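Listed here are the chains, written in short residue letters.
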Amino acid sequence: MARRTHVDQTATAAALLLVFVQLLTSSSAADPPFSCGAPSSAPFCDRKLPIEQRAGDLVSKLTLEEKISQLGDLSPAVDRLGVPAYKWWSEALHGVAWSRGIHLNGSLRAATSFPQVILTAASFNPDLWYRIGQAIGVEARGIYNNGHAEGLTFWAPNINVFRDPRWGRGQETPGEDPTMSGKYAAVFVRGVQGYAMAGAINSSDLEASACCKHFTAYDLENWKGVTRFAFDAKVTAQDLADTYNPPFKSCVEEGGSSGIMCSYNRVNGVPTCADHNLLTKTARGDWGFNGYIASDCGAVAIIHDVQQYAKEPEDAVADVLKAGLDVECGGYAQTHGLSAIRKGKITEQDIDRALHNLFTIRMRLGLFNGNPKYNRYGNIGADQVCKQEHQNLALQAAQDGIVLLKNDGAALPLSKTKVSSIAVIGPNANNAGLLLGNYHGPPCISVTPLQALRGYVKDARFVAGCNAAVCNVSNVGEAVRVASSADYVVMFMGLDQDQEREEVDRLELGLPGMQEYLVNSVADAAKKPVILVLLCGGPVDVTFAKNNPKIGAIVWAGYPGQAGGIAIAQVLFGEHNPGTKPPSKTNIDGLKAIESATGTVSYDVEEIGAEACDKLKFPALVRVQNQGTMDGRHPVLLFLRWPNATDGRPTSQLIGFQSVHLRAAQTAHVEFEVSPCEHFSRAAEDGRKVIDQGSHFVGVGEDEFEISFMA
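Since the structure is predicted, the reported quantities are computational estimates derived from the model, not experimental observations. (Residues numbered from 1 in each chain as written. Predicted model: local features only at pLDDT ≥ 70, side-chain atom pairs only at ≥ 80, totals over all residues. Heavy atoms only, no water.)

Q: Tell me about the state of the cysteines, and please be specific about residues and values.
A: Using the criterion set out here, one finds 7 disulfides in the structure. Between the sulfur atoms of Cys386 and its disulfide mate Cys444 the distance is 2.0 Å. Linking Cys386 and Cys444, the disulfide has an S-S dihedral of approximately -90° and is accordingly described as left-handed. Taken together, the residues span a long stretch of sequence, with Cys386 in the loop between helix H13 (348-364) and helix H14 (388-401) and Cys444 in the loop between strand S13 (421-425) and helix H15 (449-453) at a distance of 58 residues. By relative accessible area, which is 17% here, Cys386 ends up buried. (Disulfide = S-S within 2.5 Å. Helix = DSSP H or I, 4+ residues; strand = E, 2+ residues; numbered from the N terminus. Buried < 20%, exposed > 50% of the residue type's maximum accessible area, 1.4 Å probe, protein only.)

Dropping the structure here:
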């Protein structure tokens with residue numbers, strides 16, 4: 001009996017899979033789903049009314065059962081009101097990606113795949129980040145307009161602080177610095193949602209909806225049996241205020257994000273999706289968040305099933321709705337919502353509050369204004385997806401993110417005329433999918449590093465050397481033989497998605513398996529010092545390569561996206577000068593005065609007030625010179641240093657950055673606006689922002705000047 005049941009289930013699954021494949025391959029462009037297409041007297045269809053009023057009218061017309069049905073990411077249609085089904089879950093971390101709401105097939109089979117976020121962040125170029133967000137927003141709307149999407153709410157960006165280098169999802173983030181992550185969040189969100197890079201925000205009109213995730217203190221997947229589902233992050237108020245929450249604050253206040261996703265983990269015992277202090281008091285109250293809050297997928301069920309925070313399923317539903325959650329990724333609230341009402345755990349008003357936020361977003365996206373094709377963003381067609389401008393931007397992002405870590409004896413750039421043969425060695429050299437990282441869709445183009453190098457050197461000899469990045473099976477002998485026969489050797493090593501990804505953390509920071517042995521063996525056999533290219537999201541310890549004179553250059557290329565192979569080849573042959581920095585190395589390890597237990601006198605920023613804070617701002621001018629022989633772009637990083645690191649303050653912190661392009665030998669001046677209330681302040685133990693009395697040192701590189709702050 002058990003055997004037959006297993007066979008039946010397998011057959012059913014196979015049949016479902018076949019149907020799914022048929023749907024994907026047979027789907028063609030159609031009109032996007034929308035409401036209020038026919039003339040209607042319903043206030044929720046009246047475009048002259050405020051959206052808040054329209055959303056309230058629609059919610060009031062729903063039955064209790066219909067209301068509960070809308071609490072999941074798969075929201076069914078309400079046919080009697082002409083409300084179509086909607087899928088909240090779509091992905092666009094670094095390009096429109098595969099997800100429940102996106103179907104890239106038929107007439108639209110690809111979308112521009114930009115570099116994974118950790119590489120893009122290395123450019124320290126907010127203008128670039130904004131333009132990538134813009135391109136993604138345009139392609140998202142183009143895909144929707146052509147019937148290949150069932151939603152316009154995209155669950156990106158990931159702005160968790162990459163504090164632990166072993167975290168498998170660090171590749172998705174801008175890095176370890178809260179200041180940079182916050183700036184990335186703000187400009188990326190503005191680009192996706194159709195806003196200008198700076199200035200006022202038109203909150204009633206969205207091109208696409210971005211969602212900053214995962215709120216908050218989330219940086220663990222599976223560490224020695226401790227999973228993200230059960231993990232309880234012990235975080236002080238000070239650490240929340242100066243490290244984990246600032247990117248989300250910037251996402252809301254500066255970026256105008258229309259979405260926030262709460263994380264799986266607990267913070268100090270409370271699941272983030274059930275934390276009223278985080279979702280309602282902090283995000284909506286303190287920061288003025290005006291959007292919807294989603295749970296990570298399955299997080300509501302986990303509150304009961306794994307964390308056992310809620311005694312009954314209905315308690316879990318009540319906990320999240322009363323905390324401020326609006327929509328669940330999953331069906332737990334849809335399943336247990338009615339019984340939660342009957343048991344008195346929640347009221348209908350709790351559901352109405354959530355639905356009001358959800359329908360407001362759909363209306364801001366123009367989905368209750370008749371056919372979107374005839375509205376503001378209706379002219380964005382399929383020709384905007386994978387258009388050359390976006391593909392050029394993907395190439396620029398890859399170029400500008402690549403970091404040169406070592407270049408002894410001018411090993412780079414290679415000469416196009418002098419390299420007659422090249423050995424290309426490594427498991428990451430001829431794998432186009434590897435370049436995309438995770439959370440990607442089908443790219444517009446697919447070029448491996450090996451293919452790109454063959455465009456420069458006809459005699460390019462390839463040996464993988466390892467079975468994959470895990471490198472538990474290697475062919476060192478063949479790699480050594482090929483390396484010894486070529487003029488030059490380029491090795492492509494690092495990690496892949498089997499080593500780091502969602503649900504997978506790393507146990508160590510070295511290169512996996514026999515990679516180090518392979519690199520050293522090839523370096524010993526090569527005629528000239530080899531070039532080592534690292535493809536990985538998280539940092540790897542390559543001290544051995546740094547100290548090996550037989551390794552002339554080390555290049556970090558992250559997961560560089562669809563144009564990454566081309567960008568790497570251009571860097572190696574001197575067509576592009578990498579001048580970036582690794583984003584995981586940004587941080588270096590009248591008024592009432594407050595005196596701490598250690599004797600520090602400080603001033604509360606809130607008591608200073610906005611007007612006084614504005615008057616304290618001053619410009620800082622930095623002179624920058626390109627002392628090299630090639631044109632290039634360089635990030636200028638402005639740091640604040642305190643005389644000591646007592647009271648929980650860092651030794652120093654990043655307070656500003658700009659990316660500047662300079663010709664060879666060119667000198668330029670870069671101006672920063674320094675705001676003491678923002679940049680000189682630190683988080684006290686209770687989370688309040690304070691400015692310490694006394695000396696503060698502002699500097700770039702080894703140059704700094706002292707500023708004394710006194711009331």
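Past the structure itself, the notes keep going.
Q: Would you mind going over a negative patch on the surface in detail, with residue names and values included?
A: A surface patch of negative charge is lined by Glu254, Glu671, Glu673 and Glu678. Considering the arrangement of structural elements, one finds Glu254 in the loop between helix H8 (246-253) and strand S8 (259-262). Among the residues examined, Glu254 registers a relative accessible area of 36% and is labelled partly exposed. (Patch = residues over 30% accessible without salt bridge, like charges linked within 9 Å, V, L, I, M, F, W, Y side chains within 5 Å. Areas by Shrake-Rupley, 256 points an atom, 1.4 Å probe, with all protein chains shown as cover. Salt bridge = Lys/Arg side-chain N within 4 Å of Asp/Glu carboxyl O. Lys, Arg positive; Asp, Glu negative; His and termini not counted. Charge placed at Lys NZ, Arg CZ, Asp CG, Glu CD.)

Q: I'd like a rundown of the packing of aromatic side chains, residues and numbers included.
A: What characterises a pair of aromatic rings is the spacing of the ring centres plus the angle enclosed by the ring planes. Taken as a whole and assessed by the stated rule, the structure comprises 17 aromatic pairs. Among the aromatic residues, those joined into a cluster by ring pairs are Phe124, Trp129, Tyr184, Phe188 and Phe657. Sitting over the face of the ring of Trp223, Arg166 holds its NZ or CZ atom 4.3 Å from the ring centroid. Over the ring of Tyr439 we find Lys213; its NZ or CZ atom is 4.8 Å from the centre of that ring. (Phe/Tyr/Trp six-rings, centres within 6.5 Å; stacked < 30°, edge-to-face > 60°. Lys NZ or Arg CZ within 6 Å of the ring centre and 35° of its normal.)

Q: Explain the nonpolar core to me, and be specific about the residues and the numbers.
A: Generally speaking, a soluble globular protein has its nonpolar side chains buried in company with each other. Judged by nonpolar contacts, the single largest core of 114 residues is most densely connected at Tyr292, Ile351, Phe359 and Phe368. With 9 residues, the single largest contributor to this core is helix H5 (residues 126-145). Residues in contact with Phe368, not counting those within four places in the same chain, are Ser35, Cys36, Phe44, Cys45, Arg54, Leu58, Val83, Phe359, Arg362 and Met363. Judged by nonpolar contacts, the second largest core, of 71 residues, contains Leu412, Met491, Leu535 and Leu572. (Core = buried A, V, L, I, M, F, W, Y, C linked by side-chain atoms within 4.5 Å. Contact = heavy atoms within 4.5 Å.)

Q: Talk me through the pattern of salt bridges; I want residue IDs and the actual numbers.
A: All told, the structure shown has 38 salt bridges when counted by the stated rule. Between Lys213 and Glu91 there is a salt bridge, with the nearest N and O atoms lying 3.5 Å from each other. With Lys213 in strand S4 (residues 209-215) and Glu91 in the loop between strand S2 (86-87) and helix H4 (117-121), this residue pair connects regions lying 122 residues apart in the sequence. For Lys213, a relative accessible area of 3% gives the class buried.

Q: Go over the pairing of strand S27 (residues 703-709) with me, naming the residues and quoting the values.
A: Pairing between strand S26 (residues 694-700) and S27: 7 bridges, direction antiparallel. Across the sheet, His696 pairs through a bridge with Ile707, a residue of S27. Linking two consecutive strands that pair antiparallel, namely S26 and S27, is a turn of 2 residues; a positive phi of about 65° is found at Gly701 within it. (Pairing = 2+ DSSP bridges.)

Q: For the sheet that holds strand S16 (residues 530-535), give the residues involved together with the corresponding values.
A: Ordered in space as S12-S17-S16-S15-S13-S14, the 6 strands form an open sheet in which the pairing is mixed. Edge strands, defined here as strands with exactly one partner in the open sheet, are strand S12 (403-407) and strand S14 (459-463). Mean inter-strand twist for the sheet, computed between neighbouring axes without regard to direction, equals 20°. Pairing analysis gives 4 bridges linking S13 to strand S15 (residues 488-494), with the strands arranged parallel. The residue of S15 that forms the bridge with Ile422 is Tyr488. (Axes fitted to C-alpha atoms, helices over the stretch in contact; angles between N-to-C directions.)

Q: Quick rundown of the side chain of Gln399? Include the residues and the values.
A: Within the secondary structure, Gln399 sits in helix H14. When neighbours within four sequence positions are excluded, Gln399 is seen to be in contact with Ala567, Gln570 and His576.

Q: Account for the packing of H5 against helix H6 (residues 178-193), with residues named and values stated.
A: Helix packing for two helices is described by the angle between their axes and how far apart those axes are. Running from N to C, H5 and H6 cross one another at 35°; their axes reach a closest spacing of 7 Å. The hand of the H5/H6 crossing is right-handed. On H6, the residues touching Pro126, Trp129, Tyr130, Ile132, Gly133, Gln134, Ile136 and Gly137 of H5 are Met180, Lys183, Tyr184, Val187, Phe188, Arg190, Gly191 and Val192. (Left-handed = near helix turned anticlockwise from the far one by under 90°.)

That is the geometry; function is a separate question.
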